[in-house]
Amino acid sequence: RDGSVFGSLTVDAAASMSESQLYTNLGCKTVVGMPFKDIATVDSIYFTDGGVPPSSNAELRRTFRRLMESNVHVICDEAALTADPMDGAVAVYNLSALDGSAPSLPEGCERFAVRFNGMEDAAAFETLAAMCKSPESRPAVLLAQADTSKGSRMHTMRRAFELVKASGLDVPVVHVALYEDGEVTVDEFVIRTGGEVGGCLVDGLGEGVCVKTDAVPMDDARRISFGLLQGCRMRNTKTEFISCPSCGRTLFDLQEVTAQIASRTGHLPGVSVAIMGCIVNGPGEMADADFGYVGGAPGKVDLYVGKEVVKRAIPNEEACDALIDLIKEYGRWKEPDSEEEEAEAVAA
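Here goes a summary of the coordinates provided. Since we're looking at a predicted model, the values are computed, not measured.

1. Structural notes on the packing of aromatic side chains
Ring pairs (aromatic) are described by centroid distance and by the angle formed between their planes.
And then number 1: The full count for this structure, using the stated rule, is six aromatic pairs.
And then number 2: Judged by centre distance (5.3 Å) and plane angle (75 degrees), the rings of Phe116 and Phe125 are edge-to-face.
And then number 3: Overall, Phe125 belongs to the buried group, its relative accessible area being 0%.
And then number 4: Ring geometry for Phe291 versus Tyr330: centroids 6.3 Å apart, planes at 75 degrees, classification edge-to-face. Here Phe291 is found in strand S13 (residues 291–297), whereas its partner Tyr330 is found in the loop between helix H11 (316–329) and helix H12 (339–347), with 39 residues between them in sequence.
And then number 5: Classification of Phe291 as buried rests on a relative accessible area of 3%.
And then number 6: Taking NZ or CZ as reference, Arg153 lies 4.9 Å from the ring centre of Tyr179, over its face.

Structure (structure tokens):
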């Protein structure tokens, strides 16, 4: 599965940002001011306040038109789009409001999404499944936005996915986890999204995530979302690091070395690096990694490729550079991207 990340946004928040700030928060690269999708750019923007960028704000509409042209979709409630149409937007309908026939889309919309809260009965999902037999009445995506007033997010969604499976629906489902202002701290946000959303994704329940909280900036929420997908083995957007928990046998400062290696090699999606404090359990714990950095003796590091040691007794102060050289030797290295250099090249 190649998971998706949706960015949660409100009209007021979008209007308060500069164009370049919005592109950055969404993970877009820019060339001469125009946005382009990158490996960690959101796939869609979901206006979770029920609004739509107003047509009266021509500059804001132009910004979102540019995003849609770069294949970042805009998803808004059907009622808002009916009142203020936006070409190319995806209209959201509540599952409970569908009657089995293809909905009449707002002006300018060609696709729609369906939102469910987990409290619906089996008949509602069966009705949607029957609609999906016809291409014109098949939604692009389902939004699993749990009603947590009557139960936990995970239990509510697990019940809903049982109904999805029983009905035979095969439409992608994106988990929408919106935390109220002040509901969670940064740490609680990471833990709860990992448990409530990640717990479903690792079991194959869902294809994507959309999260929102006032505890972290939008850009951080995006990074956490992509990290969640990577942890669920759904989408690689950065280097995978595997580290031992550290113990009395550790032969170097594990946290410091891990941070150093991550800062220099964190831009290599698809590459996994294991950082192990000693050779006692290290080789076994890092068996799935592409490259290994293992404490071999006091002040010395051994480097591995897979399960095989290829360089021994490298001084600690030289080991990080030696690891990078090893990654290059095996053809897995690439230089970090420079937006400034790309912009200059295009302008030239």
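2. Quick look at the sheet that holds strand S7 (residues 111–116)
And then number 1: Read around the closed barrel, eight strands run S1-S4-S5-S6-S7-S8-S9-S10, paired in parallel fashion. For this sheet, the mean inter-axis angle between neighbouring strands, taken without regard to orientation, is 25 degrees.
And then number 2: Pairing analysis gives three bridges linking strand S4 (residues 44–47) to strand S5 (residues 73–77), with the strands arranged parallel. Paired with Tyr46 across the bridge in S5 is Ile75.
And then number 3: Sitting on the sheet, helix H7 (residues 186–201) touches strand S9 (173–178) and strand S10 (208–212), and the angle it makes with S10 is about 155 degrees.
And then number 4: Strand contacts of helix H8 (residues 218–231): strand S1 (4–9) and S10, with the helix running at about 160 degrees to S1, the strand carrying the most contacts.

3. Some thoughts on the environment of Thr82
And then number 1: Positionally, Thr82 belongs in helix H4 (residues 78–83).
And then number 2: Of the residues examined, Thr82 reaches a relative accessible area of 48% and is grouped as partly exposed.
And then number 3: Residues Thr82 and Leu142, 60 residues apart in the sequence, show an inter-C-alpha distance of 20 Å.
And then number 4: In this structure the side chain of Thr82 is engaged in a polar contact, spanning 2.8 Å, whose partner is the side chain of Glu78.

Thresholds, definitions, all that
Residues numbered from 1 in each chain as written. Predicted model: local features only at pLDDT ≥ 70, side-chain atom pairs only at ≥ 80, totals over all residues. Heavy atoms only, no water. Phe/Tyr/Trp six-rings, centres within 6.5 Å; stacked < 30°, edge-to-face > 60°. Buried < 20%, exposed > 50% of the residue type's maximum accessible area, 1.4 Å probe, protein only. Helix = DSSP H or I, 4+ residues; strand = E, 2+ residues; numbered from the N terminus. Lys NZ or Arg CZ within 6 Å of the ring centre and 35° of its normal. Pairing = 2+ DSSP bridges. Axes fitted to C-alpha atoms, helices over the stretch in contact; angles between N-to-C directions. Contact = heavy atoms within 4.5 Å. Polar contact = N/O pair within 3.5 Å; in protein donor to acceptor, adjacent residues only side chain to side chain.

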